[in-house]
Amino acid sequence: MPGQELLAPPRNSANVATTIAPGPARPSTLARPRIRRDSVLSALIVLPSVVAVGVFVYGFIGWTAYVALSGWNSFVPDLSFVGLRNFAELFQSPRFQIDLRNTVIFTVAFLAGCLGIGLLLAVLLDQRVRGEALFRNIYLFPMSISFIVSGTVWQWLLNPSTGVNLLLEAAGLGRLRSPWFTDPKIAIYSVVIAAVWQLSGFTMAMYLAGLRGIAEELREAARVDGASDWQMYRHIILPLLNPITLSAVIVLGHISLKIFDLVFAMTGSGPAFSTDVPGIFMFETTFRGNRFAEGAAIAIIMLLMVAVVVIPYLVWSTRAEAAE
Amino acid sequence: MRSGRRAVRVLMYVLLVVLALGYLLPVYVLVNNGLKSFREVSLSRMWEPPARLSPDSFAKAYRRLAPNFRNSLLLVIPATIGAAALGSVNGYVLAKWKFAGADVVFPLLLFGMFIPYQSVLIPLVQFLQWLGRALDVRLYGSIAGLVLVHIVYGIPITTLIFRNYYASVPTEVVEAARIDGAGLAGTYRYVILPLSMPAFVVVVIWQVTQVWNEFLFAVTITGNPARQPVQVALQNLAGSQIVEWNVQMAGALLTALPPLLVYIFLGRFFLRGLLAGALKG
């Protein structure tokens, strides 16, 4: 889950500007060549990282794009240019159409679940609850566990012959028993449940931090004006949490667009590709089917989907920082 | 009125407890069934506690996963040290020594942490294989190769965390060191580094859990089961038809344990760093 740190844009970039401006307080004549040497040194220090990321991120993406436009769809490398043929074939492939639909359903349900439950938990914990730290840790610990582990557990919890179904029966709610991921119509929602379990606590933590950042005077003022708790949340607090919702949508959204491990461990492609996602299709067609150009084309589409979400956010937060 | 408020509070606690139990369900299933003997384990009695505690499943899972645990340790330690060290010096330079072009470099670096790794996977495999063929640097299929991969793809996030942290170090401190005659390296060594502990804690926790939990690079780059990190081994264990499912549960718990312990003991620091900006945001 990379990206959360973006929530913390440095607030004093103005200070950085003063650092580069040659200040008057440098009387020593010795200091001048040292400063020139240091500016060369500073570039040299970041150079290896810039080159490594340049090659491993941008160079490799470029190469993947090139492979996606080639005819390399067998074990023998064939880099002859075929234009957009791989993309055209993908969009006509029933499996890829299902994948795109699954991605949309998964993303919407996952976001709704995480934001809804996350906000609910945060508001509950914001009511001066006893044992708050314990509750917080319980809601949050799934975030530290790998998708492979949670896929392994949830595969058994949502196995129709055991797990949650047994609990429902014991609670007298036998009618709510479900075939879960064995039913193509609802299989994708089983994966959503596991994903929400894992990341709703994180969403809660973001909202809770936001709530804690709202000045107490604001709440006091609302109470003095006779607002009910509900009115206060609806008209004062929730609107103030909008920036947090945006950050959460970016972070969670880009996770769901590239989801792979959780589905791979829990259900795989599922019955009739009902839990198949582009990440799984890419992995299988490339490394099991040796259809490298097709795999590269899927990867490029995944990248474009993530870029559409992330790049405006990066531009926006860079500008916001520069404006300060 | 007062009794109404009381009822609301009681309802609130009921909701909190029920939700907490829900979040803990998977853990209960892991522990409960991991502790059952092979004879006792049964799908239809998943929720019943074991009649007699048996360490068999954990012992068996541990025997299966032990070599892979070792691999994961050999992967996580250097990958964390490498990415944290690079992130720290990069973050320092980007925050306090802005060189020409830093404004362009930084966002380009950041984008690297959002990309779906599928979009670099084919060239990455080709590149590592080529290193072996052409230069006899055998990184493909090895833990060393994975270390390199995790250091490189860890650079964007570690650089970001350190840069944001160093940006909050007052510029006067750096200026003062410079007036005293310290250069770029000296300022880092004597002023910045001693202040860096909180950022290192956040970065180390982040990188350790990320690298320990990572699956896609691990499964593509290490083919030989003896060289695979623990997530891949767990996936093989859980996907196997012949391994009893209580052993799978025990294996999943063992695999989850290291990041869980890190989280339980150090999570406070992690979250504090993670959410520092949201408060101001």
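Rules used in this analysis
- Residues numbered from 1 in each chain as written.
- Chains lettered and ligands numbered in written order.
- Predicted model: local features only at pLDDT ≥ 70, side-chain atom pairs only at ≥ 80, totals over all residues.
- Helix = DSSP H or I, 4+ residues; strand = E, 2+ residues; numbered from the N terminus.
- Rg over C-alpha atoms; globule rule 2.2 N^0.38 Å.
- Buried ≥ 20, exposed ≤ 12 C-beta atoms within 10 Å, placed from the backbone.
- Contact = placed C-beta atoms within 7 Å.
- Axes fitted to C-alpha atoms, helices over the stretch in contact; angles between N-to-C directions.
- Parallel < 35°, antiparallel > 145°, perpendicular 65-115°, else oblique.
- Left-handed = near helix turned anticlockwise from the far one by under 90°.
- pLDDT = per-residue confidence, 0-100.
- Core = buried A, V, L, I, M, F, W, Y, C linked by C-beta atoms within 7 Å.
- Domains from an automatic or database assignment.
- Nonpolar A, V, L, I, M, F, W, Y, C, P; charged D, E, K, R; others polar.
- Expected span 1.5 Å × (residues − 1).
- Bend = angle between axes of the 7 residues up to and from the residue.

**What about the overall build of chain B?**
For step 1, the next point in the chain: Summing up its helical and strand segments, chain B has 11 helices and 0 strands in all.
For step 2, the next point in the chain: In chain B, the succession of α and β elements from N to C terminus is α-α-α-α-α-α-α-α-α-α-α.
For step 3, the next point in the chain: Against the globule reference of 19 Å for 281 residues, chain B gives a C-alpha radius of gyration of 24 Å, more extended than a compact globule.
For step 4, the next point in the chain: Structurally, chain B occupies a C-alpha span of about 75 × 75 × 30 Å along its principal axes.
For step 5, the next point in the chain: Counting only residues that meet the buried cut, chain B has 48% of its 281 residues in that class.
For step 6, the next point in the chain: Considering only contacts within chain B whose residues lie at least 6 apart along the sequence, 73% involve residues at least 24 apart.

**Observations concerning the overall build of chain A**
For step 1, the next point in the chain: The number of helices and strands found in chain A is 14 helices and 0 strands.
For step 2, the next point in the chain: When the helices and strands of chain A are listed from N to C terminus, the series reads α-α-α-α-α-α-α-α-α-α-α-α-α-α.
For step 3, the next point in the chain: Looking at chain A as a whole, 45% of its 324 residues qualify as buried.

**Considering the packing of helix 6 (residues 171–179) of chain B against helix 7 (residues 184–195) of chain B**
Residue and element names in this part refer to chain B.
For step 1, the next point in the chain: Their axes nearest at 10 Å, the elements helix 6 and helix 7 cross at an angle of 130°. Judged by the angle between their axes, helix 6 and helix 7 are oblique. In this structure, helix 6 meets helix 7 at a crossing whose hand is right-handed. In contact with Val 173, Val 174, Ala 177 and Arg 178 of helix 6, helix 7 contributes Thr 187, Tyr 190 and Val 191.

**Some words on the confidence of the model for chain A**
For step 1, the next point in the chain: When the pLDDT values of chain A are averaged, the result is 86; 89% of them are 70 or greater.
For step 2, the next point in the chain: In the predicted structure, residues 1–30 of chain A sits below a pLDDT of 50 and forms 56 contacts with residues beyond four places in sequence or in another chain.

**Observations concerning the nonpolar core**
For step 1, the next point in the chain: Residues A:Val191, A:Leu262, A:Val263, A:Ala296, B:Leu234 and B:Ala252 are the most contacted members of the largest nonpolar core, which totals 167 residues.
For step 2, the next point in the chain: The element that contributes the greatest number of residues to this core is helix 8 (residues 187–212) of chain A, accounting for 17 residues.
For step 3, the next point in the chain: When residues of this core are assigned to domains, at least three fall in each of domain 1 (1–54) and domain 2 (65–280) of chain B.
For step 4, the next point in the chain: In this structure, A:Val263 is in contact with A:Val191, A:Thr275, A:Val277 and A:Ile280, ignoring residues within four places of it in sequence.

**Some remarks on unusual backbone geometry**
Residue and element names in this part refer to chain A.
For step 1, the next point in the chain: A positive phi is found at Ala 272, a non-glycine position, where the angle reads about 55°.
For step 2, the next point in the chain: Relative to the helices and strands, Ala 272 resides in the loop between helix 12 (261–266) and helix 13 (278–287).
For step 3, the next point in the chain: A positive phi is found at Phe 273, a non-glycine position, where the angle reads about 55°.
For step 4, the next point in the chain: With respect to the helices, strands and loops of the structure, Phe 273 is situated in the loop between helix 12 and helix 13.

**Looking at the packing of helix 8 of chain A against helix 11 (residues 242–257) of chain A**
All names here are of chain A.
For step 1, the next point in the chain: The geometry of helix 8 relative to helix 11 is characterised by a closest axis approach of 10 Å and an angle of 155° between their N-to-C directions. With respect to helix 11, the axis of helix 8 lies roughly antiparallel. Read as a crossing pair, helix 8 and helix 11 show a hand that is right-handed. Note on element contacts: helix 11 touches helix 8 through Ile 244, Ser 247, Ala 248 and Leu 252, opposite Leu 199, Thr 203, Met 206, Tyr 207 and Gly 210.
For step 2, the next point in the chain: Considering only residue class, the contact of helix 8 with helix 11 consists of 6 nonpolar, 3 polar and no charged.

**Here's the deal with the confidence of the model for chain B**
Residue and element names in this part refer to chain B.
For step 1, the next point in the chain: Per-residue confidence for chain B averages 88 on the pLDDT scale, and 95% of its residues sit at or above 70.
For step 2, the next point in the chain: When the elements of chain B are averaged for pLDDT, helix 11 (residues 245–280) gives the smallest value, 77, and helix 9 (residues 216–221) the largest, 95.
For step 3, the next point in the chain: Interface predicted TM-score (ipTM) for the complex: 0.91; the corresponding pTM is 0.88.

**Quick notes on helix 2 (residues 56–96) of chain B**
For step 1, the next point in the chain: Compared with an ideal rise of 1.5 Å per residue, which puts 41 residues at 60 Å, helix 2 of chain B spans 56 Å between its outermost C-alpha atoms and is within 8% of the ideal.
For step 2, the next point in the chain: Taken as a whole, helix 2 of chain B carries its principal kink of about 50° at B:Leu65; the proline B:Pro67 stands between one and four residues after it.

**Things to note about the interface of chain A and chain B**
For step 1, the next point in the chain: With 92 residues of chain A at the contact, the number on the chain B side is 85 residues.
For step 2, the next point in the chain: Taken together, the residues that form the side of chain A that touches chain B break down as 58 nonpolar, 27 polar and 7 charged.

**A few points about the domain arrangement of chain B**
A common way to state how big an interface is: give the accessible area lost once the parts meet.
Residues and elements named next belong to chain B.
For step 1, the next point in the chain: Split into domains, chain B comes out as domain 1 (1–54) and domain 2 (65–280).
For step 2, the next point in the chain: Distance from the C-alpha centre of domain 1 to the C-alpha centre of domain 2: 35 Å.
For step 3, the next point in the chain: Contact residues are listed per partner, giving 8 residues for domain 1 and 6 residues for domain 2.
For step 4, the next point in the chain: Tallied by class, the residues present in the side of domain 1 that touches domain 2 amount to 5 nonpolar, 2 polar and 1 charged.

**Remarks on helix 10 (residues 230–239) of chain B**
Side chains of residues three or four places apart in an α-helix project in the same direction, reflecting 3.6 residues per turn.
For step 1, the next point in the chain: In terms of residue burial, helix 10 of chain B counts as a mostly covered element, since 8 of its 10 residues are buried.
For step 2, the next point in the chain: Of all the residues in helix 10 of chain B, the buried ones are B:Val230, B:Gln231, B:Val232, B:Ala233, B:Leu234, B:Gln235, B:Leu237 and B:Ala238.

**Side note on the environment of B:Leu254**
Residues and elements named next belong to chain B.
For step 1, the next point in the chain: Looking at the element boundaries, Leu 254 is found in helix 11.
For step 2, the next point in the chain: Owing to 21 C-beta atoms within 10 Å, Leu 254 belongs among the buried residues under this scheme.
For step 3, the next point in the chain: C-alpha separation for the pair Leu 254 and Leu 65, spaced 189 residues apart in sequence, amounts to 8.8 Å.
For step 4, the next point in the chain: Ignoring any residue separated from it by four or fewer positions in sequence, one finds Leu 254 in contact with Ala 61, Tyr 62 and Leu 65.

**Let's talk about the environment of A:Phe81**
Residue and element names in this part refer to chain A.
For step 1, the next point in the chain: Relative to the assigned elements, Phe 81 resides in the loop between helix 2 (31–68) and helix 3 (85–92).
For step 2, the next point in the chain: Remark: the alpha-carbon pair of Phe 81 and Ser 274, spanning 193 residues in sequence, is separated by 33 Å.
For step 3, the next point in the chain: Not counting the four nearest positions on each side in its chain, Phe 81 is found in contact with Leu 69 and Ser 70.

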